[in-house]
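Residue-level structure breakdown
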Amino acid sequence: MSRAALLLTGLLAVALVFPWLAGGYALSVGTLILYFAYTSQSWNVMMGFAGQLSLGHALYVGIGAYAAGALFYHFGIGPWAGLPLAVALAALAGVVIACLAFRFGVSGVYFALLTIAFAEFTRIGFDHVSWTGGPGGMFLKVEQRDSIDLVHLRGPPALYYYVMLALTAGALALCSRLLGSRAGYYWRAIRENEEAAQALGINVFRWKVLAMAISAGMTAISGVFFAFYNNSLFPEQVFNTGRSIEIVLGSVIGGVGTLFGPIFGAAVFTLLSEGATEALRAVGWEIPGSKGVVYGVVLLLVIVFLPQGIWPPLARRLGIR
Amino acid sequence: MSFDLVANVAISGILTGLVYGLMALGLSVIFGVVRVVNFAHGQMMSVAMYAAALLFARFELDPFLAVAPVAVAFFVLGYALQAGLINRFITRPEHSQFLLLVAVGLILVNGLLMAFGPDARSVQVDYQLESFEFGDILIDKARAYAAGLAIVTALLLGGFFRFTWTGVAIRACADNYFAARVVGLHVRRLYALTFGLGAVCVAVAGCALTLLVDVTPSLGPHYTLLAFVIVIVGGLGSMIGALLGGVLIGVSEAVGGLLISPSAKSMLSFGLLIVVLLLRPQGLFGRRS
Amino acid sequence: MTALLRASGLSKSFRGLKAVANASFEVAEGQVSALIGPNGAGKTTVFNLIAGVYAPDTGTIHFQGRPIHGLRPDQICAAGIGRTFQLVKPFPALSVLDNVIVGALRVERTVAAARGAAHAVLRKLGLEARANDPAATLTLSDRKRLEVARALATRPRLLLLDEVMAGLRPTECDQLVEAFRGLHRAEGLTILLIEHVMRAVMALAQHIAVLDRGAVIARGTPDEVVRDMAVVQCYLGEDTEI
């Protein structure tokens, strides 16, 4: 067995038994880590593979969350039936934004700003949609919390943890497949040098749009999860630029363009910020903002001292590729 | 809805827009020269606003007088930030520079939250409720002074870039980094100077703005986005574009807030941003590169 | 002999400056042709017109009898024309092998097949030993080879080489000339060189067209062109690198 496979099996084993060992708080932190690992993995398809910096991925989380949430709220349709709609809507939004941006040659910083603008535009827009509750939010019914109801994604915290674990594992497998496929080669070529990629017969526009569609669709799934885990949705909380930045953090800290980077990065920054918050609480110095400062400092340190992220140097030390 | 009401709102939008424009001018100057997008711009401004609010609370210092010490402090801090941190990043990929400033912004906004809590702070001076009257048109004195200060600062900055040796040298760096190095300019020092000047714009705009809005930590990201909207609409790197863009956004927010709904006003700005990015990425007032 | 590529009446202006003015030439199937001329003669513009970077203002380009002017670069590649860049553009973070696989994927159905094809191309160009190194670590000479390997992997009918010898030392240049000669001999590959280094042109080309101020002023075999006084004046007079 290769070292990578060994590491993966080990991680998976730890992740599988974790709910039995952990208390309620630790389980929620674990779920949070997996959530960030998954969303960051999805973002990584866009930035890490295809080289297009999106800072508005909260848009796709929000579209997924509101699509599935509204179906449940208004028609009692469960998350699994809502999922395809959520993914389709988010992918469509991604395709529209990508088509507009890439057709008009918007790239780099300008593309990043455009993605922010679309997310903000949508955030304010949702404040005015009364069907989804407007700024007052949409609240999903929570009937029971003890027995497991997979169909409606209702059950004890461990259920959510395992769902998120399955999603994260699935995303890792999918990204690994993508990276080794024609799409993976083309995306990386586009990321490295768009002009050269085009000269080799790659329809750059089409493949960039595809990257956006896949990335947005994957991200929407985490939105569906978010809706049923959180049970309340507010435009301000869901579409905020801060949420988009949280999505980016895992990959940037772990290693943009790598497969394990988003997972390690999400674990590192979640544990550090939760740890710092707990430590502050323990000394009775609990103040809002401390978590954000920790996010900021960790991001700053990693960007300055480990520009490739944590995972690539770690992988070399472990002897993995 | 009467014409007077719309005219009053529009004029107040123009004046506020000039202050926004000064803030955006800082972003534009930094981008135009250093080629780094300052994602911590609005956060820096909210720090300036807190500084002005604190100086007022502690020493009863009028924000228009607080401009001097705050601007000096911001110049030093901006210079240090560029010299100590951002200069290392000028050869790094775009996304890495971007995220560096995201990190700085996160630290600033949450640092303010930790230090001062989430509650709004305001400054009350006696002329705040007074206004100049021109028939049916009323102009808030504080707003008029703030706009005047913004114009004076922008003119001083413009004069600096046009008429001083250092200003011309900075423009040379902006035009051609390598050529500037070849002719022996100390590019990194000039970059630091530029960032310092951009921070001064932010400081002045922030002090002036404390008279117009209450300050909370969460204003920072909002103003960063607003500054982006303004400079993109006006043309990144164009000084006059930043001021005009500020006025345009100021008016559209004020009038849009009146005609549509106050909460939808920034939707108008983001809509404008999207349209401009797609159709005229060099900005309404910028030159095509 | 039939013309694989036929350009007729090509013109292209940039802001009123005429870079190419009514240029016509042909590239015969199975030959090595060269387009030469002094700096600013419009060589690179002609190259970019063929490669699809610009569309011509007037004039047509036919490849295998099909019009290709105005197509995008990726469509030009799909039509069967491979190109290199004067300033090399490798995919720096990818391995040498992966660089070539990207090219090979144009014709191969699977990544595995593309990998096999890429190895074969790397062997041909003597880059096999560097297959797993990141492209960023290659020397300039090897980067130029990689550039050629990547283009070859797309299995072009015509290979466009843009100043591929520029910046190379004479020995490196000779080695590359040898590699092209081998490719030409073994596979009958048609090549169009746009070249400044006369040493390489004289060693490789069977047919030369001379471009000056955007127009073709002479054409023929290398010997004929050298004898042509106009060429001696406009080109060789300034730059006697033979």
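Right, let's get into the overall build of chain B. Looking only at helices and strands, one finds 11 helices and 2 strands in chain B. Going from the N terminus to the C terminus, chain B shows its helices and strands as α-α-α-α-β-β-α-α-α-α-α-α-α. In terms of overall dimensions, chain B has a C-alpha envelope of 60 × 45 × 35 Å along the principal axes. Within chain B, the proportion of its 289 residues that are buried is 57%. Nonlocal contacts in chain B, meaning residues at least 24 apart in sequence, comprise 77% of its contacts between residues at least 6 apart. Within chain B, one finds 16 positive and 13 negative side-chain charges whose respective centroids are separated by 22 Å.

Turning next to empty space enclosed by the protein. Taken as a whole and judged by the stated rule, the model has 5 cavities of 30 Å³ or more. Its volume calculated, the largest cavity comes out at about 80 Å³. Sorting the residues of the lining of the largest cavity by element identifies helix H4 (79-103), helix H6 (157-180) and helix H9 (204-230) of chain A as the ones contributing at least two each. Looking at the lining of the largest cavity residue by residue, the classes come out as 9 nonpolar, no polar and no charged. In this structure, the second largest cavity occupies an estimated 60 Å³ of space. The wall of the second largest cavity is formed by Ala196(A), Ala199(A), Leu200(A), Arg83(C), Thr84(C), Phe85(C), Glu147(C), Arg150(C) and Ala151(C). Sort the elements by how many residues they give to the lining of the second largest cavity and helix H5 (residues 140-153) of chain C lands first, with 3 residues.

Moving on, we come to the interface of chain A and chain C. Across the boundary between the two partners, chain A contributes 19 residues, which contact 25 residues of chain C. Counting across the chain A and chain C interface gives 1 salt bridge. Note that Glu195(A) and Lys89(C) form a salt bridge whose closest N and O atoms lie 3.5 Å from each other. On the surface where chain A and chain C come into contact, there are 8 residue pairs in polar contact (both at pLDDT 80 or more). Of all the secondary structure elements, the ones that give two or more residues to the side of chain A that touches chain C are helix H7 (182-192) and helix H8 (194-199) of chain A. When residues in the side of chain A that touches chain C are grouped by element, the largest group, 7 residues, is from H7(A). Split by residue class, the side of chain A that touches chain C holds 8 nonpolar, 6 polar and 5 charged.

Turning our eyes to something else, we now look at the confidence of the model for chain A. Fine structural detail should not be taken from predicted coordinates in areas where pLDDT scores are low. Here chain A averages 91 in pLDDT, and 98% of its residues register 70 or above. Within chain A, H7(A) carries the highest mean pLDDT (97), whereas helix H13 (residues 290-305) of chain A carries the lowest (87).

Right, let's get into the interface of chain A and chain B. In this assembly, 41 residues from chain A lie in contact with 39 residues from chain B. Buried area between chain A and chain B, both sides added, is near 3600 Å², and the carbon and sulfur share of it is 85%. On the surface where chain A and chain B come into contact, there are 0 salt bridges. Between the two partners, chain A and chain B, sit 3 residue pairs in polar contact (both at pLDDT 80 or more). For the side of chain A that touches chain B, the elements supplying multiple residues, two or more each, are H4, helix H5 (108-126), helix H11 (241-254) and H13 of chain A. Sort the elements by how many residues they give to the side of chain A that touches chain B and H5(A) lands first, with 13 residues.

Inspection of every chain in the model, using the stated rule, returns 32 aromatic pairs over all chains. Between Phe75(B) and Tyr79(B), the ring centres sit 6.2 Å apart and the planes meet at 45 degrees, which makes this aromatic pair tilted. Note that Phe75(B) and Tyr79(B) are positioned in helix H3 (residues 63-84) at a spacing of 4 residues, about one turn of the helix. Among the aromatic side chains, those forming a connected cluster through ring pairs are Tyr35(A), Phe36(A), Tyr160(A), Phe225(A), Phe226(A), Tyr229(A), Phe269(A) and Tyr295(A). Here the basic side chain of Arg103(A) rests over the ring of Phe205(A), its NZ or CZ set 3.9 Å away from the ring centre. The ring of Phe85(C) has Arg83(C) sitting right over it, with the charged end atom 3.9 Å from the ring centre.

The next thing to look at is the sheet that holds strand S5 (residues 66-67) of chain C. Hydrogen bonding along the main chain pairs the strands of a sheet, whether they run parallel or antiparallel. Residues and elements named next belong to chain C. Taken together, 4 strands build an open sheet; the order of strands is S2-S1-S4-S5 and the sheet is antiparallel. Both edges of this open sheet fall to strand S2 (17-28) and S5, since each of them pairs with a single strand only. Judged from the 5 bridges that link them, strand S1 (residues 3-14) and strand S4 (residues 58-63) form a sheet pairing that is antiparallel. Within S4, the position partnered with Leu5 by the bridge is Phe63. Together, S1, S2 and S4 form the strand contacts of helix H1 (residues 43-51), whose direction differs from that of S2 by roughly 65 degrees.

A word on the sheet that holds strand S10 (residues 215-220) of chain C. Residue and element names in this part refer to chain C. Pairing in this open sheet of 6 strands is mixed, and the strands run S6-S7-S8-S3-S9-S10 from one edge to the other. Looking at which strands have only one partner, the edges of the open sheet turn out to be strand S6 (81-83) and S10. In this sheet, neighbouring strand axes are inclined to one another by 20 degrees on average, regardless of whether the strands run parallel or antiparallel. Bridging between strand S9 (residues 207-212) and S10 involves 5 bridges; their strand directions are antiparallel. Bridge pairing links Ala209 to Arg219 in S10. Relative to strand S7 (residues 158-162), H1 is tilted by about 145 degrees, and along the sheet it contacts strand S3 (32-36), S6, S7, strand S8 (190-194) and S9.

In this section: the confidence of the model for chain B. Of all residues in chain B, 98% attain a pLDDT of 70 or more, and the chain-wide mean is 88. What the predictor reports for the complex is a pTM of 0.90 with an ipTM of 0.90.

If you look at the biggest cluster of nonpolar residues, it comprises 264 residues, and the most contacted ones within it are Trp187(A), Phe39(B), Phe98(B), Tyr223(B), Val102(C), Met165(C) and Phe180(C). When residues in this core are grouped by element, the largest group, 16 residues, is from helix H8 (residues 187-209) of chain B. Residue-level mapping places this core at the junction of two domains, with at least three residues from each of domain 1 (1-80 + 158-242) and domain 2 (90-155) of chain C. Each residue touching Met165(C), except ones within four places of it in the same chain, is listed here: Lys144(C), Cys173(C), Leu176(C), Val177(C), Phe180(C), Glu195(C), Val197(C) and Ala200(C). Core analysis: the next-biggest nonpolar cluster, separate from the first, contains 29 residues, Ile50(C), Ala51(C), Phe63(C) and Leu158(C) among them.

For the rest of this paragraph, the subject is helix H2 (residues 41-59) of chain B. All names here are of chain B. With 19 residues, H2 extends 27 Å between its outermost C-alpha atoms, agreeing within 8% with the 27 Å of an ideal straight helix rising 1.5 Å per residue. Within the span of H2, buried status applies to His41, Gly42, Gln43, Met44, Met45, Ser46, Ala48, Met49, Tyr50, Ala52, Ala53 and Phe56. The inward-facing, buried residues of H2 abut helix H1 (3-34), H3, helix H4 (94-116), H8 and helix H9 (219-234). A positive backbone phi angle near 60 degrees is found at Glu60, which sits one or two residues after H2.

What follows deals with the environment of Ser95(C). Residues and elements named next belong to chain C. Mapped onto the elements, Ser95 comes out in the loop between S6 and helix H3 (96-104). Taking relative accessible area as the criterion, Ser95 reaches 14% and is therefore assigned buried. Taking the C-alpha atoms as reference points, Ser95 and Thr137, separated by 42 residues in sequence, lie 9.4 Å from one another. Excluding anything up to four places from it in sequence, Ser95 contacts Ala131, Asn132, Asp133, Pro134 and Ala135. Polar side-chain contacts of Ser95 include one of 3.0 Å to the backbone nitrogen of Asp98.

Because each turn of an α-helix spans 3.6 residues, side chains separated by three or four positions in sequence point in the same direction. Of all 11 residues in H7(A), 9 are buried; the element is thus mostly enclosed. Within the span of H7(A), buried status applies to Ala183(A), Gly184(A), Tyr185(A), Tyr186(A), Trp187(A), Arg188(A), Ala189(A), Ile190(A) and Glu192(A). Turning to H7(A), the residues buried within the fold contact helix H2 (24-49), H6, H8 and H9 of chain A together with H3 and helix H4 (111-124) of chain C. For H7(A), the N-terminal capping position is held by Ser181(A), with its side-chain oxygen 3.2 Å away from the main-chain nitrogen of Ala183(A).

What counts and what doesn't
Residues numbered from 1 in each chain as written. Chains lettered and ligands numbered in written order. Predicted model: local features only at pLDDT ≥ 70, side-chain atom pairs only at ≥ 80, totals over all residues. Heavy atoms only, no water. Helix = DSSP H or I, 4+ residues; strand = E, 2+ residues; numbered from the N terminus. Buried < 20%, exposed > 50% of the residue type's maximum accessible area, 1.4 Å probe, protein only. Contact = heavy atoms within 4.5 Å. Lys, Arg positive; Asp, Glu negative; His and termini not counted. Charge placed at Lys NZ, Arg CZ, Asp CG, Glu CD. 1 Å grid on protein atoms, 1.4 Å probe; cavity = no way out; pocket = protein on both sides within 12 Å on 5 of 7 lines; lining within 4 Å. Points joined across faces, edges and corners; volume = space filled by probe spheres on them. Nonpolar A, V, L, I, M, F, W, Y, C, P; charged D, E, K, R; others polar. Salt bridge = Lys/Arg side-chain N within 4 Å of Asp/Glu carboxyl O. Polar contact = N/O pair within 3.5 Å; in protein donor to acceptor, adjacent residues only side chain to side chain. pLDDT = per-residue confidence, 0-100. Buried area = accessible area lost by both parts, 1.4 Å probe. Phe/Tyr/Trp six-rings, centres within 6.5 Å; stacked < 30°, edge-to-face > 60°. Lys NZ or Arg CZ within 6 Å of the ring centre and 35° of its normal. Pairing = 2+ DSSP bridges. Axes fitted to C-alpha atoms, helices over the stretch in contact; angles between N-to-C directions. Core = buried A, V, L, I, M, F, W, Y, C linked by side-chain atoms within 4.5 Å. Domains from an automatic or database assignment. Expected span 1.5 Å × (residues − 1).

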